[in-house]
Amino acid sequence: MIEKSKWQRELVVFSRLVNTIILTGNINDQHPIVNESKQRIRGFCSLSLYLAHTCQSLGYQAVLFYTPVDGFYSVNGLQQKTDVLELVERVAREAQNGGQDGLGLTRRKSAAGNASLAAESMESAAYIMDLILTQSSTSIAVIVSFSSRMLARPDDLDMDERMIFMHFQEGAVNARKNHAGNPAVADYQDNPVIQNQLFLIADKINDLPAWYYLSHPSLKIIDIPRPDYHVRSQIIAGYSTAFPGFSEASDEERKLFHDAFVGATEGFTTQDIARVFQIARFGKLDIHGIDNAILLYKHGVRDNPWMKLDACRLAGAEEQIGKRVIGQDPVVKVAVDIVKRAAMGMSGLQHSASSSKPRGILFLAGPTGTGKTELAKALTELIFLDESNMIRFDMSEYRQEQSDQRLLGAPPGYVGYEAGGQLTNAVREHPFSVLLFDEIEKAHPSVLDKFLQVLEDGRITDGRGETVYFRDCLIIFTSNLGITMPSRDNPSVRVQNVSYEEDTDYQTVRDKILYGVRHYFNDELGRPELLNRIGNNILVFDYIRENSLGQILSKQISNITRNLWVDKQIQLVVSQEAEEDLHQFAAADLSKGQGGRGIGNMIEEMLINPLARFMFDNSVFRDTLITVEHVYRKYGTAEIKAKLG
């Protein structure tokens, strides 16, 4: 069933109850004109024209438009009961005869080609509107566009600016009441009495002086939202018959096309939807290519790297990533499953608006140095074949309450707002990427709140008012939550929750860390809704155990030998005995809970530092074979036994 939006129904109701209506929000969009008797959308028009048609349907005999650019004008095609421009000239002339100066009017053409009258100043124009509203015997509606542009600063008005809104208020409050339709008919039921009406169209309500709309005795503010699911469904149904391939499609194909289109256009304006249709028509895309048309409109590209993830590349993904993230097989398996789900476009399929959500969400928790960041890098390389597609944010840099402005951009009017935000700019430039938010618990709670809309709707609006889409991003959070917990005796003191020595099996570590993560979001932070957005995508890493130690050591030694060869053409051989020595040192350090990072620190201390000393002392810089036979400590200093050639 075709029906009007809530704001459209409010407009009809309050046009009879108040004498000033301010419209804000999605004011620059095209709005559907609904033919309720025939149950179809008749067409689309600008907000000012929509207001004019609504006023005429309510019985207003004339509609007068005003903008600071065009002045007063009347739109050709509207069935006016009187010539409104003649009315403006007559009112101005009578006011001048009464001693009012500065009301000179100049006839010219508006930007749309309509005849218009320009006043000498906006204050003069407001005064004329005041007189028209209070004196016109023809029931009239005055529609003022760009009212946000009439003031430099709404909280610091000069006298001329103050007078503009005083005239608006005076004219509306004392607006004349006239019979709708035929003034000769006095019966209220057939010919009700209506009051001359003022409409102000503003970007935001706080663009206008607060004293005007807070103290106005008969004023209604109507916020116009972007089309919701129901409205988009109606708009798309109206457009669909002209979509390439629609007439030839089966009923099932049409339904799939409609549902996919409506779901993927969450947050779109009517004009956005129309442009997607244009892209499809110009690109010769049929109903099966609607995803490509939307992708092209959102990001300016047609190729989707997610669609290139084939079965061959993912077949050995667990083994491939397992070579980089060692000792975390359960985590790697789940992570690869989430990537497969993302590649199939099935993330959030259980929700009604599934297609707008990010491709995937991962929350990586566990001890430090266990491979959380390495897993993010490995997944990025798996999906995009390049680690550079990972955009990393260190959340310890966003501890302050106002840090959300760094991510999304400062609000309009603040210094630097035109530059946008670090997160929104990055996603706008790289719409297909892995977003890594490292150590998320270190960010201020106000920053965490910004993720609610990102995780739920897959989009957010930056400080410049531009919408950024996260539909094709994989979002990864890392955290050390759950390792410590607030003390029961003193919540400000944190105590160890898990430890390498006491929690020797993975299930115990997982259960404790999951409890710690949930306790933090539910009880400490008081943001259970954020935890709900993450869902069951919390992957818990185990400590690096001794059975994984040999693999990690071999991997790091292999990195050293490869880099020495590439950089200096030095062939490094680490003997079996030397590897066993390093294994013993690493095993002794495992109990400290430093994980792979601790092993790397040990390798640097026990192998790289003495190796660099050996090379420097022996003037070895290039093209040499070095064999490390033993690694040991002497008087607390790391030493190696090595030979050249």
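Use the structure listed above.
This section reports on the structure supplied with the text. (Residues numbered from 1 in each chain as written. Predicted model: local features only at pLDDT ≥ 70, side-chain atom pairs only at ≥ 80, totals over all residues. Heavy atoms only, no water.)

### Brief notes about helix H8 (residues 251–264)
Where we set the bar: Strands here are runs of E lasting at least two residues and helices are runs of H or I lasting at least four, both read from the DSSP assignment and numbered beginning at the N terminus. Expected helix span is computed as 1.5 Å times (number of residues minus one). Exposed residues in this analysis have more than 50% of their type's maximum accessible area, buried residues have under 20%, and partly exposed residues fall in between, with area computed by a 1.4 Å probe over protein chains only.
Counted at 1.5 Å a residue, the expected span for H8 with its 14 residues is 20 Å, and the 20 Å between its end C-alpha atoms agrees. Of all the residues in H8, the buried ones are Phe257, His258, Phe261, Val262, Gly263 and Ala264.

### Looking at empty space enclosed by the protein
Formally: Cavities and pockets are found on a 1 Å grid laid over the protein atoms alone: a cavity is a set of points where a 1.4 Å probe fits but cannot escape, a pocket is an open set with protein on both sides within 12 Å along at least five of seven lines, and a lining residue has an atom within 4 Å of such a point. Grid points are joined across faces, edges and corners, and a volume is the space filled by probe spheres set on the points. We call Asp, Glu, Lys and Arg charged. Ala, Val, Leu, Ile, Met, Phe, Trp, Tyr, Cys and Pro are nonpolar, and the rest, Gly among them, are polar.
Per the counting criterion, the structure on display carries 1 cavity of 30 Å³ or more. Estimated volume of the largest cavity: approximately 40 Å³. Among the residues forming the lining of the largest cavity, the class breakdown is 8 nonpolar, no polar and no charged.

### Points about the state of the cysteines
Quick note on the threshold: Cysteine sulfur atoms are paired as a disulfide whenever they come within 2.5 Å of each other.
Using the criterion set out here, one finds 0 disulfides in the structure. This cysteine, cysteine 45, is not joined by any disulfide, and cysteine 55 carries the nearest cysteine sulfur, 12 Å off. For cysteine 45, a relative accessible area of 7% translates into the label buried.

### Focus on the packing of aromatic side chains
Test applied: Within 6.5 Å between ring centres, the rings of Phe, Tyr and Trp (the latter by its six-membered ring) count as paired, and their orientation is classed by plane angle as stacked under 30 degrees, edge-to-face over 60, tilted in between. When the NZ atom of lysine or the CZ atom of arginine is within 6 Å of a ring's centre and also within 35 degrees of its normal, the charge is said to sit over that ring.
Counted by the stated rule, this structure contains 19 aromatic pairs. Ring pairing ties together the aromatic residues Phe363, Phe393, Phe437, Phe451, Phe477, Tyr520 and Phe521, which thus form one cluster. The side chain of arginine 406 reaches across the aromatic face of tyrosine 398, ending 4.6 Å from its centre.

### A short note on the layout of surface pockets
Considering only enclosed or pocket space, the largest pocket measures out at about 1,500 Å³ in volume. Lining the largest pocket are 42 residues, with Thr461, Asp462, Arg464, Gly465 and Glu466 positioned closest to its centre. At the level of secondary structure, the elements contributing two or more residues to the lining of the largest pocket comprise strand E12 (219–224), helix H9 (270–282), helix H10 (290–299), helix H16 (422–429), strand E16 (459–461) and strand E17 (467–469). Across the lining of the largest pocket, the residue classes break down as 14 nonpolar, 13 polar and 15 charged.

What is shown is where atoms sit, not what they do.
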